Amino acid sequence: MTEASMSTSIRADHPEPLWIQAVNLIKDQIATGALNAGSRLPPERELCERLGISRVTLRKALTTLVDEGILSASHGRGWYVAPSATTREWPNSLESFTETANRMGLAPSSSVLRQEIVAADLDQAEELSIAPGTPLFVLERVRLLNDVPIALDLTQVPADMVPGIVEADFRIRSLYGQLATAGLDPVKADATIEAQEADAYLADHLQLEIGKPVLVMRQLVFNGADRPLFSSVVRYRGDRYRLRTSFLRTGPARPSWGLR
């Protein structure tokens, strides 16, 4: 674990808590081989100085990694990378924005821009495997973490699948929660990701300059019977979102999504 990589990775101006940043930094160091299985981490005082965080914050990060089986603690000797850490199966779960935020210790909220029923056009009908003209619930929201705008989310759901969806208050309600109430369980998603420049509309809602980079994720989410439940286009601020992944010659990539 190099001093340079550690000292430049913790940023107080991100909505992500400092202890979460420390957790992710140590995971990255393990994934890249800077920390090997069985190796000892630097002393706590040295880690605090390098990272610019308090010992309380550091301890929260380290104990979280112990709970996940990535580190082990030896009383009086320090913190060690667990033998199985480099071959651990990282989670690759389908999470809602709210679930991700809660897992990271952040406060999610939304500003609703559109919430209406429209008739599905040919492209929407084909994507969602419904008939053209089928009532389609369209929901457009600015997604925030700790009151910081993170993404612009446009979601489309066949309206007849979720009774009462039009009346739901999506400033505070989760779409996944509404689906669960209707007995629908999202189990997988096909997704594509690309970089784009922010146009005037996006820049205004995400508090960006026009032309700044954004990450665009298009998703089609299915239930266990492979029926499409909804489609979404989420445009994330490029400075607030990242894809973290590691690659092994002996197995598949292990991706995990993280909000920065």
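The structure presented is a predicted model; accordingly, all values stated were derived computationally and were not measured.

Parameters and conventions
Residues numbered from 1 in each chain as written. Predicted model: local features only at pLDDT ≥ 70, side-chain atom pairs only at ≥ 80, totals over all residues. Heavy atoms only, no water. Axes fitted to C-alpha atoms, helices over the stretch in contact; angles between N-to-C directions. Helix = DSSP H or I, 4+ residues; strand = E, 2+ residues; numbered from the N terminus. Parallel < 35°, antiparallel > 145°, perpendicular 65-115°, else oblique. Contact = heavy atoms within 4.5 Å. Nonpolar A, V, L, I, M, F, W, Y, C, P; charged D, E, K, R; others polar. Buried < 20%, exposed > 50% of the residue type's maximum accessible area, 1.4 Å probe, protein only. Pairing = 2+ DSSP bridges. Patch = residues over 30% accessible without salt bridge, like charges linked within 9 Å, V, L, I, M, F, W, Y side chains within 5 Å. Areas by Shrake-Rupley, 256 points an atom, 1.4 Å probe, with all protein chains shown as cover. Salt bridge = Lys/Arg side-chain N within 4 Å of Asp/Glu carboxyl O. Lys, Arg positive; Asp, Glu negative; His and termini not counted. Charge placed at Lys NZ, Arg CZ, Asp CG, Glu CD. Phe/Tyr/Trp six-rings, centres within 6.5 Å; stacked < 30°, edge-to-face > 60°. Left-handed = near helix turned anticlockwise from the far one by under 90°. Expected span 1.5 Å × (residues − 1). Arc of directions from axis to C-beta.

A. Expanded view of the packing of helix H3 (residues 44-51) against helix H4 (residues 55-67). Contact pair H3 / H4: the axes reach a minimum separation of 10 Å and the direction vectors enclose 105 degrees. Judged by the angle between their axes, H3 and H4 are roughly perpendicular. Contact with H3, carried on its side by Glu44, Arg45, Leu47, Cys48 and Leu51, involves Arg55, Leu58 and Arg59 of H4 and no other residues of that element. Looking at the contact of H3 with H4 residue by residue, the class counts come to 4 nonpolar, no polar and 4 charged.

B. Representation of the pairing of strand S7 (residues 213-222). Among the 10 residues that make up S7, 7 are buried, leaving the element largely enclosed by the rest of the structure. The pairing of S7 with strand S8 (residues 228-237) spans 9 bridges and is antiparallel. Counterpart to glutamine 219 in the pairing with S8 is serine 232. Adjacent in sequence and paired antiparallel, S7 and S8 are bridged by 5 residues, among which aspartate 226 carries a positive phi angle near 65 degrees.

C. Geometry of a negative patch on the surface. Residues Asp121, Asp123, Glu126 and Glu127 make up a contiguous surface patch of negative charge. Assignment of secondary structure puts glutamate 127 in helix H6 (residues 122-128).

D. The packing of aromatic side chains, seen in detail. Taken as a whole and judged by the stated rule, the model has 2 aromatic pairs. On the numbers, 5.9 Å between centres and 35 degrees between planes, the contact of phenylalanine 137 with phenylalanine 170 is tilted. You can see phenylalanine 137 sitting in strand S4 (residues 135-145) and its partner phenylalanine 170 sitting in the loop between strand S5 (148-158) and helix H7 (175-181), a full 33 residues away along the chain. Taken individually, phenylalanine 137 and phenylalanine 170 each receive the classification buried, so the pair is uniform in this respect.

E. Quick look at the packing of helix H2 (residues 18-31) against H4. Put simply, H2 and H4 touch, their axes get as near as 8 Å, and they point 50 degrees apart. By the criterion of interaxial angle, the relationship of H2 to H4 is oblique. Seen from above, H2 lies across H4 with right-handed handedness. Contacts between H2 and H4 involve Leu18, Trp19, Ala22, Val23, Ile26 and Lys27 on the former and, on the latter, Thr57, Lys60, Ala61, Leu62, Thr64 and Leu65. In terms of residue class, the contact of H2 with H4 is built from 8 nonpolar, 2 polar and 2 charged.

F. Broad picture of H4. Across its 13 residues, H4 extends 18 Å between first and last C-alpha, which sits within 8% of the 18 Å expected from 1.5 Å per residue. Within H4, the full set of buried residues consists of Thr57, Leu58, Ala61, Leu62, Thr64 and Leu65. Down the axis, H4 shows its buried residues gathered within 155 degrees of arc, on one side only. When the buried face of H4 is taken as reference, the exposed residues oriented beyond 90 degrees from it are Val56 and Asp67. Buried residues belonging to H4 abut H2, H3, strand S1 (71-74) and strand S2 (78-81). A positive phi of about 80 degrees marks glycine 69, the residue just after H4.

G. Quick look at the sheet that holds S4. Strand order in this open sheet of 6 strands is S3-S4-S5-S8-S7-S6, and the pairing throughout is antiparallel. Edge strands, defined here as strands with exactly one partner in the open sheet, are strand S3 (108-119) and strand S6 (188-197). Across the sheet, the mean angle from the axis of one strand to that of its neighbour is 15 degrees, orientation sign disregarded.

H. Spatial organisation of H2. Here H2 is 14 residues long and its end C-alpha atoms lie 20 Å apart, about the 20 Å a rise of 1.5 Å per residue gives. With 11 of 14 residues buried, H2 lies mostly within the body of the structure. Buried residues of H2: Trp19, Ile20, Gln21, Ala22, Val23, Asn24, Leu25, Ile26, Lys27, Gln29 and Ile30, and no others. One or two steps after H2, the chain reaches glycine 33, where phi turns positive at roughly 90 degrees.

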